[in-house]
Amino acid sequence: AQSVSQHNHHVILSEAASLELGCNYSYGGTVNLFWYVQYPGQHLQLLLKYFSGDPLVKGIKGFEAEFIKSKFSFNLRKPSVQWSDTAEYFCAVNAYTGRRALTFGSGTRLQVQP
Amino acid sequence: EAGVTQSPTHLIKTRGQQATLRCSPISGHTSVYWYQQALGLGLQFLLWYDEGEERNRGNFPPRFSGRQFPNYSSELNVNALELEDSALYLCASSLAPSGRANTQYFGPGTRLTVL
């Protein structure tokens, strides 16, 4: 069975600091990869996704992620965070087996201090 | 474009009762997915419906069931409620399965509390 690991459970940064959130998955076959964000009091929103092609994908609000197949990783990055980026971030994987279920990581709570 | 909607927002039941949760997908989406977000357990896949049929099921007991209607809306039923069923239940929808592409869009969830 596939699994997803998010290494950082709680990250505290100051505004303008750079962000990198780790995500590793365990599945040897073809995968679709996602980052979702849940802002306080709001529902899960799609940040970005990777299906195929360029392993560096850009999402909304200045976020990007890089798929490194050899490392089974899909880390999320942002060069300069803002207070409004305070949220919980979830990495998710969908193994291309036809089952369509997303497997989520445990989430990373990001707190950006002004 | 309206997003995924869910009702009710909150639901309070007692142990042993049944709960019914509802979901309306984004217009044009035919697939509906249900997930449970329980404290300490993270987001776990429950069920996937497409074109009225159950296509896939997560590792949950049979008392978790559901259905999808001809208008693609869906119900999740939880029978014989247990205290550990208390959680946020999220519904997501996507376009019809086609190759690899499968982007799921989530609703706001129903908070189920079992007393």
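Keep in mind the model is a prediction, meaning the values are calculated, not measured.

Draft legend 1. Region of the structure containing the interface of chain B and chain A. Counting residues at the interface gives 21 residues for chain B, matched by 21 residues for chain A. Of the roughly 1900 Å² buried between chain B and chain A on both sides combined, carbon and sulfur atoms contribute 54%. Where chain B meets chain A, there are 0 salt bridges. In this assembly, chain B and chain A are joined by 4 residue pairs in polar contact (both at pLDDT 80 or more). Elements that contribute at least two residues to the side of chain B that touches chain A include exactly strand S4 (31-38), strand S5 (42-50), strand S6 (53-57) and strand S10 (105-106) of chain B. The residue inventory of the side of chain B that touches chain A, partitioned by class, reads 11 nonpolar, 8 polar and 2 charged.

Draft legend 2. The arrangement of the side chain of B:Asn56 in detail. Within the secondary structure, B:Asn56 is located in strand S6. Filtering out sequence-adjacent residues up to four positions away, B:Asn56 remains in contact with A:Arg99, A:Ala101, B:Phe45, B:Leu46, B:Leu47 and B:Trp48.

Draft legend 3. Here's a closer look at the environment of B:Thr30. All names here are of chain B. Relative to the helices and strands, Thr30 is located in the loop between strand S3 (19-24) and S4. Residue Thr30 is classed as buried on the basis of its relative accessible area of 9%. Thr30 sits 10 residues away from Gly40 along the chain, and the two C-alpha atoms are 31 Å apart. When sequence neighbours within four positions are dropped, the list of residues in contact with Thr30 reads Tyr49, Asp50, Glu51, Gln68, Tyr72, Ser94, Leu95 and Ala96. Side-chain polar atoms of Thr30 contact the side chain of Asp50, separated by 2.8 Å.

Scoring rules and cut-offs
Residues numbered from 1 in each chain as written. Chains lettered and ligands numbered in written order. Predicted model: local features only at pLDDT ≥ 70, side-chain atom pairs only at ≥ 80, totals over all residues. Heavy atoms only, no water. Contact = heavy atoms within 4.5 Å. Buried area = accessible area lost by both parts, 1.4 Å probe. Salt bridge = Lys/Arg side-chain N within 4 Å of Asp/Glu carboxyl O. Polar contact = N/O pair within 3.5 Å; in protein donor to acceptor, adjacent residues only side chain to side chain. Helix = DSSP H or I, 4+ residues; strand = E, 2+ residues; numbered from the N terminus. Nonpolar A, V, L, I, M, F, W, Y, C, P; charged D, E, K, R; others polar. Buried < 20%, exposed > 50% of the residue type's maximum accessible area, 1.4 Å probe, protein only.

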